[in-house]
Amino acid sequence: MRLEPFAMERMQSTYENQVDFNLSESGVHPLRLGELVDDTASRDALLAEGLRYTQSNGTVPLRASIAALYAGATPNHIQVTNGGSEANYITTWNLVEPGDEVVMMVPNYMQTWGLTRAFGATVKEWPLVNSGSRWSVDADALAHIVSPRTRLIIICNPNNPTGVRIEADDLDRIAAIAARHGSWILSDEIYRGAERDARETPTIWGRSDRAIVTSGLSKAYGLPGLRIGWAVGPPALIASLWSYHDYTTISPGALSDCLARRALEPARRARILARTRGILNQNFPVIAAWLDAHGGLFSYAPPDAGAIVYARYHHPINSTELVTRLRQEKSVLIVPGDHFGMDGYLRIGFGDEPTYLRAGLSRVAELIADLGLRIAG
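Heads up: these notes are all about the structure in this document. A quick note: this is a predicted structure, and the numbers were derived from the prediction, not measured.

Pairing within the open sheet is mixed, and its seven strands lie in the order 2-10-9-8-7-3-4. Lying at the two open borders of the sheet, with one neighbouring strand each, are strand 2 (78–81) and strand 4 (122–127). Mean inter-strand twist for the sheet, computed between neighbouring axes without regard to direction, equals 20°. In terms of strand pairing, strand 3 (residues 101–106) meets strand 4 through six bridges, oriented parallel.

Moving on, we get to the sheet that holds strand 15 (residues 345–349). In spatial order, the strands read 11-12-15-14; together these four strands make up an open sheet with antiparallel pairing. Across the chains shown, the open sheet's two edge strands, defined by having one partner strand only, are strand 11 (298–300) and strand 14 (335–336). Alignment of strand 12 (residues 308–313) against strand 15, held across five bridges, turns out to be antiparallel. Paired with isoleucine 308 across the bridge in strand 15 is glycine 349. Along the sheet face, helix 11 (residues 266–293) touches strand 11, strand 12 and strand 15 and points at about 135° away from the line of strand 11.

Once that is clear, we can look at the side chain of serine 208. Secondary-structure assignment places serine 208 in the loop between strand 8 (184–188) and strand 9 (211–216). Leaving out residues up to four positions away in the same chain, serine 208 has contacts with Ala175 and Ile185.

Right, let's talk about the packing of aromatic side chains for a bit. Counted under the stated rule, the structure contains 12 aromatic pairs. Ring geometry for tryptophan 135 against tyrosine 310: centres 6.1 Å apart, planes inclined by 45°, an arrangement best described as tilted. Note that tryptophan 135 is positioned in strand 6 (residues 135–136) and tyrosine 310 in strand 12, a separation of 175 residues in sequence. Both residues of the pair, tryptophan 135 and tyrosine 310, belong to the buried class. With centroids separated by 6.2 Å and ring planes inclined at 50°, the aromatic side chains of tryptophan 135 and tyrosine 345 adopt a geometry described as tilted. On the criterion of sequence distance, the pair formed by tryptophan 135 in strand 6 and tyrosine 345 in strand 15 is long-range, its members being 210 residues apart. We note that tryptophan 135, like tyrosine 345, is buried. Ring pairing ties together the aromatic residues Tyr89, Trp93, Phe119, Tyr244 and Tyr247, which thus form one cluster. Taking NZ or CZ as reference, arginine 196 lies 4.1 Å from the ring centre of phenylalanine 284, over its face. The aromatic ring of tyrosine 15 is capped on one face by arginine 327, whose charged end is 3.6 Å from the ring centroid.

Turning to the pattern of salt bridges, a few remarks are in order. In total, this model carries 22 salt bridges according to the counting rule given. Where arginine 117 meets glutamate 4, a salt bridge forms, and the shortest distance between an N and an O atom there is 2.7 Å. With arginine 117 in helix 6 (residues 111–118) and glutamate 4 in the segment before helix 1 (7–15), this pair connects stretches of sequence that are 113 residues apart. Under the relative-accessibility criterion, arginine 117 is labelled partly exposed at 38%.

On to the pairing of strand 12. Buried residues dominate strand 12, accounting for five of its six residues. Both strand 11 and strand 12 contribute to a ladder of three bridges, which runs antiparallel. Across the sheet, the residue bridging to serine 299 is arginine 312, located in strand 12.

Once that is clear, we can look at unusual backbone geometry. Cis geometry is found at the peptide bond from valine 106 to proline 107, where omega equals 0°. Along the chain, the position of proline 107 falls in the loop between strand 3 and helix 6. At the junction of asparagine 157 and proline 158, the peptide bond is cis and its omega measures out at -5° in the coordinates. As for its position among the elements, proline 158 is in the loop between strand 7 (150–156) and helix 8 (168–181). For alanine 198, which is not glycine, the phi torsion reads 70° and is therefore positive.

For the pair helix 5 (residues 83–95) and helix 6, interaxial distance at closest approach is 10 Å and the crossing angle is 25°. When the interaxial angle is binned, helix 5 and helix 6 end up roughly parallel. Read as a crossing pair, helix 5 and helix 6 show a hand that is right-handed. Where helix 5 abuts helix 6, its residues Ser85, Asn88, Tyr89 and Thr92 lie against Gln111, Thr112, Leu115 and Thr116.

By the element assignment, serine 215 lies in strand 9. A polar contact of 3.2 Å, which involves the side chain of serine 215, links it to the backbone oxygen of glutamate 189. Other than its neighbours up to four places away in sequence, serine 215 contacts Tyr70, Gly84, Glu189, Ile190, Gly229 and Trp230.

Definitions and limits used
Every chain is numbered on its own, with residues counted from 1 as its sequence reads. Restriction of local features to residues with pLDDT of at least 70 applies here, the model being predicted, together with a cutoff of 80 or more for giving and counting side-chain atom pairs; totals for whole chains, interfaces and linings are based on all residues. Side-chain measures here rest on the full set of heavy atoms in the structure, leaving out hydrogens and waters. Pairing between two strands requires that DSSP report at least two bridges joining them. Segments assigned H or I by DSSP are reported as helices when at least four residues long, segments assigned E as strands when at least two residues long, and all are numbered from the N terminus. The angle between two axes is taken between their N-to-C directions and runs from 0 to 180 degrees, where each axis is a line fitted to C-alpha atoms and a helix contributes only its stretch in contact. Pairs of residues are marked as contacts when any of their non-hydrogen atoms sit within 4.5 Å. Stacked, edge-to-face and tilted labels apply to pairs of Phe, Tyr and Trp rings (six-membered ring for Trp) whose centres lie within 6.5 Å, assigned for plane angles under 30 degrees, over 60, and everything in between, in that order. Burial status follows relative accessibility: with a 1.4 Å probe on protein chains alone, a residue under 20% of its type maximum counts as buried, one over 50% as exposed, and anything between as partly exposed. Here, over-ring charges are defined by two tests on the NZ atom of lysine or the CZ atom of arginine: distance to the ring centre within 6 Å, and angle to the ring normal within 35 degrees. The rule for a salt bridge is simple: a side-chain nitrogen of Lys or Arg has to be within 4 Å of a carboxyl oxygen of Asp or Glu. Reported orientations rely on four angle classes, namely roughly parallel under 35 degrees, roughly antiparallel over 145, roughly perpendicular from 65 to 115, and oblique for the rest. In this scheme the handedness of a crossing depends on how the near helix is turned from the far one: anticlockwise by less than a right angle means left-handed, clockwise means right-handed. Polar contact criterion, stated in full: a pair of N or O atoms within 3.5 Å, where within protein one must be able to donate a hydrogen and the other to accept it, and residues adjacent in sequence count only if both atoms are side-chain atoms.

Laid out in structure tokens, this is it:
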């Protein structure tokens, strides 16, 4: 198996800790440990936790807490992983064989694009539609793309990078199309719970007996450092994923499992998600005003969820070149549209503290001014 470089993750892992302003992240400012373990009893419980191998598919209490988020699910429907990325990895590894056909919503988080190609599949792209003010799915187009050879349909809801929420009627149509051909559906729902309007995004779970959800605590929960993710699916598939997990990271960290159980306690989960929405609703007006202030340079559809804006820029420069110059000249990191196969776009994160966001955007404005002067001359 030969893996292509995962361009966005390679860029972020190389430079995100070397710049003054990292606006490439798609989550909110992370919680501190003291905010999650905020009373004597919980601190004592954490300090008493044995640094052992945990139950390798996740402890039963943690899997029960995750299952409670999905109607009708039990712990046997859950595989806990080291981040949502591992959930995506073992799922595609398990399902995709050489010669298979995979249909993938685009733009999208490109991990599964690279993985399915590495596992020998042919990837057929299913583009979202941009009306200018909103992104949307075209279920009729999907019906023409999916074929009897389609092993897997990959979606991301809410979507990365556009932030659009896919509604229940469209999910039902996706499920019906998959059912006609016996295809599996992999729905990356890592941003579910990070909706600006607090209306939780519908899930693919329960709409098909071949639906798999991947998610985790990194984006909506502001807990990326715990590296806790999960896959939700039919018990037989989950049992098979567990055996694949034996070949990767074996088990979640004991402290991460413990802290994840605490984060998913219903009352605490509600407070964490309310915090996330507060950050999004405080910061989105900041970045929207900044984009609007640049006249006709940017166009964008406001995101329903997630701390990201996917903005099209109207400027004659390649997106990777623009982002490289921004990093080198202004010490700011953002994600180029090239990393989603769409030159002419930028994905800008707005989930950090407002003063940090404003300062980073100010540096971007400096480069825009520099480029404008150079091009005009």
